[in-house]
Amino acid sequence: MEAKRSLNKIGTLSDALSVIHDGSTVMFGGFGGIGNPPTIIRGMLEKGVKDLTLIGNDSAFPHIGIGQIIKNKQAKKLIASHIGSNPVAGQLMTEGELEVEFSPQGTLAERIRAGGVGIPAFLTDVGLGSMIEEGKEKVILNNKEYLLETALTADVSIVYAKKADTFGNLIYETSARNTNPLVAMAGTFTIAEVEEIVEPGELAPEEITTPGIFVDLIIKTEGVDWKWVWE
């Protein structure tokens, strides 16, 4: 699909699912399920795509957001900052059914941002002397030791936004914004699930967080499953 070349990026859930396949790397926006795109996730559950590598802040809850994909054993690997809210993820990790790569939250966010802006790697001292440094290259700069953290990108990024225009410009709602703007930049193909779609010119330029250049496809949400967590 060459949606980035189109001025109208509105599509359907079927269009979204057509680019998510077995073995895909899928990056998702959200924090504790809040800001996960629930309609796309439900579609992934129904399609049964498997052997996914998931990248996002956390594993949500077993019955909310991306946690459902994990609970359903459709993911082979998760790159996240924590899995504490999803005991199923912890169980699968312990039993060897889910590979989990932990990355400190700030480092994870910067790895995603770096992927989105084309920076291959960066240096940080966060994680030195802990499990985070295992298998990572160390660099000495100005007599100080750092870890070399590599950027993260994905085949598909899925995000949730409050409002979009048909060009793909996105506005988020308060804390449901969280990691979504970063995730939107780091996918080869980015899908935005939104509450409202408007015509070009109806969004105030100063309110736009994600420029449409990063968005390939827009679908209308069928409703969220994380309101109670948010509240």
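An unreviewed UniProt entry annotates the protein as CoA transferase subunit alpha of Alkalihalophilus marmarensis DSM 21297.

Undergrad: What exactly am I supposed to notice about the confidence of the model for the protein here?
TA: Parts of the model with low pLDDT should not have their predicted coordinates read in detail. The share of residues in the protein with pLDDT of 70 or more is 95%, and the mean pLDDT across the chain is 94. Taken as a whole, residues 1-5 scores under 50 in pLDDT and shows 15 contacts with residues more than four places along the chain or in a different chain.

Undergrad: In this structure, what is going on with the side chain of N57? I would like to understand it.
TA: Secondary-structure assignment places N57 in the loop between β2 (52-55) and α3 (67-71). Residue classification places N57 among the buried positions, given a relative accessible area of 3%. A distance of 2.6 Å separates polar atoms of two side chains, one belonging to N57 and the other to D58. The contacts of N57, once residues within four sequence positions are left out, are F28, G30, F31, A80, S81, H82, Q105, L108 and T179.

Undergrad: Just to check I follow, could you spell out the pairing of strand β3 (residues 75-80) for this structure?
TA: Looking along a regular strand, one sees side chains alternate from face to face of the sheet. Of all six residues in β3, five are buried, a share of seventy percent or more. Sheet topology places β2 next to β3; four bridges connect them, and they run parallel. Bridge pairing in β3 places L54 opposite L78. Examined bridge by bridge, β3 and strand β4 (residues 99-102) share four bridges and lie parallel to one another.

Undergrad: It is not clear to me how the environment of Q91 should be interpreted in this structure. Could you clarify?
TA: Considering the arrangement of structural elements, one finds Q91 in helix α4 (residues 87-94). Under the relative-accessibility criterion, Q91 is labelled partly exposed at 44%. Linking Q91 and K71, residues 20 residues apart in sequence, is a C-alpha distance of 9.8 Å.

Undergrad: Is there a simple way to think about the pattern of salt bridges in this case?
TA: Pairs can form between side chains of opposite charge once their charged atoms are near each other. Counted under the stated rule, the structure contains 14 salt bridges. Between E97 and K73 there is a salt bridge whose closest N-O contact spans 3.3 Å. Pair noted here: E97 is in the loop between α4 and β4 and K73 is in the loop between α3 and β3, with a separation of 24 residues, a long-range link.

Calculation rules
- Going along each chain's sequence as written, the residues are numbered from 1 onward.
- Totals for whole chains, interfaces and linings use every residue, but because this is a predicted model, local features are given only for residues with pLDDT of at least 70 and side-chain atom pairs only at 80 or more, for both listing and counting.
- Side-chain metrics in this entry use all non-hydrogen atoms of the structure; hydrogen atoms and water are not considered.
- The pLDDT value tells you how sure the predictor is about a given residue, anywhere from 0 up to 100.
- Whether two residues touch is decided by their heavy atoms; if any such pair falls within 4.5 Å, the residues are in contact.
- Helix and strand definitions follow DSSP, with helices as H or I runs of at least four residues and strands as E runs of at least two, each counted in order from the N terminus.
- Note on classification: 1.4 Å probe, protein chains only; a residue is buried when its accessible area is under 20% of the maximum for its type, exposed when over 50%, partly exposed between these limits.
- Under this definition, polar contacts are N or O atom pairs within 3.5 Å; protein pairs additionally need one hydrogen-donor-capable and one acceptor-capable atom, and for neighbouring residues in sequence, both atoms have to be side-chain atoms.
- Paired strands are those between which DSSP finds at least two bridges.
- Whenever a carboxyl oxygen of Asp or Glu lies within 4 Å of a side-chain nitrogen of Lys or Arg, that contact is scored as a salt bridge.

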